[in-house]
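Results of the structural survey
As a plain string of letters, each chain reads:
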Amino acid sequence: MTIPGFPIYRPRRLRQSPALRRLVAETHLNVDQLILPLFARFGKGVRRPIEAMPGVFQLSPDEVVREAARAQAAGVPAILLFGVPDRKDARASGAYAKNGIVQQTVRLLKKELPPLLVITDVCLCEYMEHGHCGIVSSGKILNDPSLKLLARTAASHAEAGADIVAPSDMMDGRVAAIRAALDENGFTDTPIMSYAAKFASAFYGPFREAAESAPKFGDRRSYQMDAANANEVLREVALDIREGADIVMVKPALAYLDLIHRVKTEFGYPTAAYSVSAEHAMIKAAGARGWIDERAVTLESLLAMRRAGADILITYAATDVAKWLK
Ligand code: PBG
């Protein structure tokens, strides 16, 4: 690229007015790109605040519908649903129970708000007594035996009416296992949004309170990615695409913009960025103290994810953002 030098070229010419700046803006934030995560738990009329995530709650199914309706009214096209079960065990049976918390809530959402896209998080950690994302034996998280449970979970979500399933466990081969289970059960048209590049991250801290999914021993470093690695992301994403992922995700978002960019550039697939719980908590906490402008920092962060290459933005601020963009 050759550009003329000063004084022929004056970049400030195009920054003189809001209209001029609008005209040359390269990236746009749009309500169509937003997904709102929601946490469901059993009960009626339940709204349990998550301490480290102001504005986020564990909600009973009726309240999930209320919150989802607010998001939909603001223009948000999709929600991402997590389940907090009453009981946990060593086989995560609540994850694929016909009347599990996610399955019940999905049915209600599809009945009450049919046009809203319901995406379900497919993972076992919330349903396992040890809090890991797979079956545990002798202190190890087993890969292949976990695939069956994940596939069963995804199929049961589709059965309940989920529009998209989103595996977040990071077991090898899970996209293929889920694709096969969906197809066998007649859900050939149910897309998979894979958490393809999910890092073992301290930025998930507040989420573990929300989903009650903190591991009881050890950590997730034997299955989630090492924050030091970038080339490995390309292999992870390539693998998931080969296994049948329709949308690929990078998570967390703000500290991983380089990888959002590389994934979008390399594969050109629909790419999602998950602005995770601590990203939300940090902005909320500083905003509440008046140290930063919450709205401006939120919008700038999401715009940065778009500029990096994200097509889809998963954010706890989705409903607020949708209103701000109006
Ligand atoms: C479950 C899961 C996690 C998140 C999404 N799905 C937590 C984890 O892997 O420990 C994190 C989301 C967030 O922090 O907002 N496997």
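Throughout what follows, the structure given in this document is the object of discussion.

Residues of strand E12 (residues 312-315) alternate between two faces, with Ile-312 and Ile-314 on one and Leu-313 and Thr-315 on the opposite face, all of them buried. Relative to E12, strand E1 (residues 34-41) runs parallel, the two being bridged by two bridges. Residue Leu-34 lies in a different strand from E12, and its bridge partner there is Leu-313. As paired elements, strand E11 (residues 271-275) and E12 share four bridges and run parallel to each other. In the strand pairing of E12, Ala-273 is matched with Leu-313.

For the rest of this paragraph, the subject is the site of the ligand. By nearness alone, 18 residues border the ligand, and Lys-198, Arg-208, Lys-251, Ser-277 and Tyr-316 come closest of all. Here an oxygen atom of the ligand and a side-chain polar atom of Gln-224 are 2.8 Å apart. If the ligand stood free it would expose 400 Å²; the protein chains cover 100% of that surface. Class assignment of the residues belonging to the shell around the ligand gives a composition of ten nonpolar, three polar and five charged.

Moving on: the pattern of salt bridges. Inspection of the entire model under this criterion finds 14 salt bridges. Among the ionic pairs, Glu-67 bridges to Arg-47, the shortest N-O distance being 3.0 Å. Linking Glu-67 in helix H2 (residues 61-74) with Arg-47 in strand E2 (residues 47-49), this pair joins segments that are 20 residues apart in sequence. Judged by relative accessible area, which is 31%, Arg-47 ranks as partly exposed. We note a salt bridge from Glu-112 to Lys-111, for which the minimum N-O separation is 3.6 Å. Looking at Glu-112, the relative accessible area reads 42%, which means it is partly exposed. Look at the salt bridges and you will find they share partners, linking Arg-47, Glu-63, Arg-66, Glu-67 and Arg-70 into a network.

Cut-offs and rules
- By convention here, each chain's residues receive numbers from 1 onward along its written sequence.
- Predicted model: local features are reported for residues with pLDDT of at least 70 only, side-chain atom pairs are reported and counted for 80 or more only, and whole-chain, interface and lining totals are derived from all residues.
- Where side-chain values are given, they derive from all heavy atoms of the structure, hydrogens and water being excluded.
- Think of it in three bands: residues with accessible area under 20% of the maximum for their type are buried, residues over 50% are exposed, and the middle band is partly exposed, with areas taken using a 1.4 Å probe on protein chains only.
- Numbering of helices and strands runs from the N terminus, with a helix taken as a DSSP run of H or I at least four residues long and a strand as a DSSP run of E at least two residues long.
- When DSSP finds two or more bridges between two strands, those strands count as paired.
- By convention in this text, a residue qualifies as near a molecule or strand provided that one of its non-hydrogen atoms is within 4 Å of it.
- As used in this structure description, the phrase polar contact means that two N or O atoms lie within 3.5 Å; if the pair is within protein, one of them must be able to donate a hydrogen and the other to accept it, and residues adjacent in sequence are counted only when both atoms belong to side chains.
- Shrake-Rupley sampling with a 1.4 Å probe provides the accessible areas, and residues are treated as covered by the protein chains on show and by no other component.
- Residue classes follow a fixed rule: Ala, Val, Leu, Ile, Met, Phe, Trp, Tyr, Cys and Pro count as nonpolar, while Asp, Glu, Lys and Arg count as charged, and any other residue, Gly among them, counts as polar.
- Within this document, salt bridges are pairs made up of a side-chain nitrogen of Lys or Arg and a carboxyl oxygen of Asp or Glu, the two lying within 4 Å of each other.

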